[in-house]
Amino acid sequence: MSTHLQTLLILCWTFTQGAYAFTSPHWGDWNDSQLLPTIQKLMKGYNRYLRPNFNEGPVEIGMSLDIASIDAISEINMDYTATIFLRQRWRDSRLVFPGNESVSVDGRLVSLLWIPDTFIPDSKRSFLHDVTVENRLIRIFSNGTVLYALRITATIACNMDLTKYPMDRQVCTLQLESWGYNLQDVVFYWTRGNDSVKGLDTLRLAQYSVETYYTTVSEAVYETGQYPKLVLHFALRRNVLFFILETYVPSILLVVLSWVSFWISQSSVPARTCIGVTTVLTMTTLMMGARTSLPNANCFIKAIDVYLGICFTFIFGALLEYACAHFYTMQNHTIEDLYRELLKELNESNGNGSIPVVTSTQPNQSVEIASTAEEPAVQSVNTDTKSNEALKEKAPGRGCTLSSVKSASRRAASIFTVENPHNIDRHARTVFPTAFLFVNILYWLYYLFL
């Protein structure tokens, strides 16, 4: 019995406390005398589905921005992620109350008021911060002006021109438009012109620096009508120092390393071949690594691609230079050996009936042997006179044709023949550095100043 009595007393106490809570004259920090003339009186008869100045003209909405951070700028996705504080101001005559003070309302009461339908047209993803509560601010002034502030993080598209990457300059925009209200209903304006945007002057980015920014007011024209639009333009200059240390300096050192082979003897085939192949493979790896942070498929020929292509051409040219020098060296040795053998045969054949005839325009270029089987060098004195005359009549035409072909072939061969193959390395020591320096001057002048 005592147990049932105790339970009944507990229930009575609970209902008593609940009734006291519902009849209490206090609402948090507000009592009835303070709440009635401010919130309840203002909300009496207020229709949040009708914009201010309905049927009386458009509502003028002033905008201002604080750029808290630009978290990431992606060349692959061509966008940037920014956290911004968006502040909107407009006047609603239905919210006028006496006095010169302002009232800050809990952000969760935003559902009781009319607010603009502002959106970011180029946004890919965006969200409103909600820790610990939704980051909203509503402040109502005595003249009916409403201040509505939001904290938003959005990923916004930015069309980039990567032709001069990494010495490029990108101009990105942040656009604000009205979704449903056209120019007859809503008008946007920047509250203080270019000073309406804060935070870009002190912003520090990893690869970029903010050069300039400015604001514009325009209109967005769609099939459904004309809508107000505000645009923030800001220019970003990429910091090239990182790429100079990461890509340009290593590629220059690889080109200089390929020139070391010009001072190595041509007989050291493994050493020169190893240097050439190693520098080519290293340059290929460097070119592949430089493209990892860029779009795989695009129509841009970037400045860094041009420079890496130039370096690869010089490195590959150094490898081809040794191939040519080694080829002409072996050819020169072969001709000299052949000439020595012919001289030896000539000395051995002095007592025979046939003497080999050696014709050579230059000692190291070409050697021709006239044997008795092809062109008789010694004719018998007892040959018939008529047959000798006939041979003389036929010989000039045939001799002219053969000699012209042989002379033409000798001239063509002399073009591709090098008297001293060691001069190739001597000329390469001067030509390659000079050409590389000249190409570098043209490259940096074009991409930095044009």
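Read on for an overview of the structure.

Criteria and cut-off values
- Here the residue numbering is sequential within each chain, running from 1 through the sequence in written order.
- Per-residue local features of the predicted model are confined to residues with pLDDT of at least 70, and side-chain atom pairs are confined, for both listing and counting, to 80 or more; whole-chain, interface and lining totals are unaffected and use all residues.
- Note that water and hydrogens are dropped before the side-chain values are worked out from all heavy atoms of the structure.
- Under the scheme used here, helices are H or I runs from DSSP no shorter than 4 residues and strands are E runs no shorter than 2 residues, and both carry numbers assigned from the N terminus.
- Each residue gets one of three labels from its accessible area relative to the maximum for its type: buried under 20%, exposed over 50%, partly exposed in between, using a 1.4 Å probe on protein chains only.
- When the sulfur atoms of two cysteines come within 2.5 Å, that pair is taken as a disulfide.
- At least two bridges found by DSSP between two strands are what make those strands a pair.
- The length a helix should cover is 1.5 Å for every residue beyond the first.
- Think of it this way: the bend at a residue is just the angle between two axes, each fitted to seven residues, one set ending at that residue and the other starting at it.
- What counts as a salt bridge is simple: a side-chain nitrogen of Lys or Arg found within 4 Å of a carboxyl oxygen of Asp or Glu.
- Aromatic rings from Phe, Tyr and Trp, with only the six-membered ring used for Trp, were paired whenever their centres fell within 6.5 Å, and each pair was classed as stacked if the ring planes differed by under 30 degrees, edge-to-face if by over 60, and tilted otherwise.

### Re the overall build of the protein
So, step 1. Helix and strand content of the protein: seven helices and 16 strands.
So, step 2. Per-residue burial over the protein gives 32% buried out of 450 residues.

### A few points about the state of the cysteines
So, step 1. According to the stated counting rule, one finds one disulfide in the structure shown.
So, step 2. With a sulfur-sulfur separation of 2.0 Å, Cys-158 is cross-linked through a disulfide to Cys-172. In this structure the cystine formed by Cys-158 and Cys-172 twists about its S-S bond by roughly -85 degrees; its chirality is therefore left-handed. Of this pair, Cys-158 sits in the loop between β9 (145–157) and β10 (169–178) while Cys-172 sits in strand β10, and the two are 14 residues apart along the sequence. Neither residue differs from the other here; Cys-158 and Cys-172 are each classed as buried.

### Overview of the pairing of strand β5 (residues 102–105)
So, step 1. The alternating pattern of β5 places Val-103 and Val-105 on a buried face, while none of Ser-102 and Ser-104, on the opposite face, is buried.
So, step 2. Both β5 and strand β8 (residues 136–141) contribute to a ladder of four bridges, which runs antiparallel. Residue pairing for β8: Val-105 is matched across the bridge by Ile-138.

### Here's the deal with the sheet that holds strand β14 (residues 225–238)
So, step 1. The four strands lie next to each other as β6-β10-β14-β13, forming an open sheet whose pairing is antiparallel. Of all strands in the sheet, those with a lone pairing partner are β6 (118–119) and β13 (208–222), marking the two edges.
So, step 2. For β6 and β10, the ladder comprises two bridges, and the chain directions are antiparallel. Residue pairing for β10: Phe-119 is matched across the bridge by Glu-177.

### Overview of helix α3 (residues 241–258)
So, step 1. The terminal C-alpha atoms of α3, which comprises 18 residues, lie 25 Å apart, in line with the 26 Å expected from a rise of 1.5 Å per residue.
So, step 2. Along α3, the helix axis deviates most sharply at Tyr-248, where the bend reaches about 35 degrees; the proline Pro-250 sits within four residues downstream.
So, step 3. Buried within α3 we find Phe-243, Thr-247, Tyr-248, Ser-251, Leu-254, Val-255 and Ser-258.

### Describing the pattern of salt bridges
So, step 1. Counted under the stated rule, the structure contains 13 salt bridges.
So, step 2. Residue Glu-211 pairs with Arg-237 through a salt bridge whose shortest N-O separation is 3.1 Å. Here Arg-237 lies in strand β14 and Glu-211 lies in strand β13, a separation of 26 residues in the sequence.
So, step 3. Its relative accessible area of 32% is what places Arg-237 among the partly exposed residues.
So, step 4. What emerges from the salt-bridge pattern is a single network uniting Glu-75, Asp-168 and Arg-238.

### Some thoughts on the pairing of strand β3 (residues 59–74)
So, step 1. For β3 and strand β11 (residues 186–190), the ladder comprises five bridges, and the chain directions are parallel. Directly across from Ile-61, in β11, lies its bridge partner Phe-188.
So, step 2. Here β3 pairs with strand β4 (residues 79–91) via eleven bridges, running antiparallel. Of the residues in β4, the one forming a bridge with Leu-65 is Leu-86.
So, step 3. Between β3 and the antiparallel strand that follows it, β4, lie four residues; Met-78 among them carries a positive phi value of about 55 degrees.
So, step 4. The pairing of β3 with strand β12 (residues 197–198) spans two bridges and is classified as parallel. Its bridge partner being in β12, Asp-66 is matched across the sheet by Lys-198.

### Overview of the packing of aromatic side chains
So, step 1. Applying the stated rule across the entire model yields 20 aromatic pairs.
So, step 2. On the numbers, 5.3 Å between centres and 80 degrees between planes, the contact of Phe-242 with Phe-243 is edge-to-face.
So, step 3. Between Tyr-248 and Trp-444 the ring centres are 5.0 Å apart and the planes differ by 50 degrees, which places this aromatic pair in the tilted class. Within this pair, whereas Tyr-248 is found in helix α3, its partner Trp-444 is found in helix α7 (residues 422–449), the two being separated by 196 residues in sequence.
So, step 4. The exposure class of Tyr-248 is buried, given its relative accessible area of 2%.
So, step 5. One aromatic cluster is present, built from ring pairs that chain together Tyr-248, Tyr-307, Tyr-443, Trp-444, Tyr-446 and Tyr-447.

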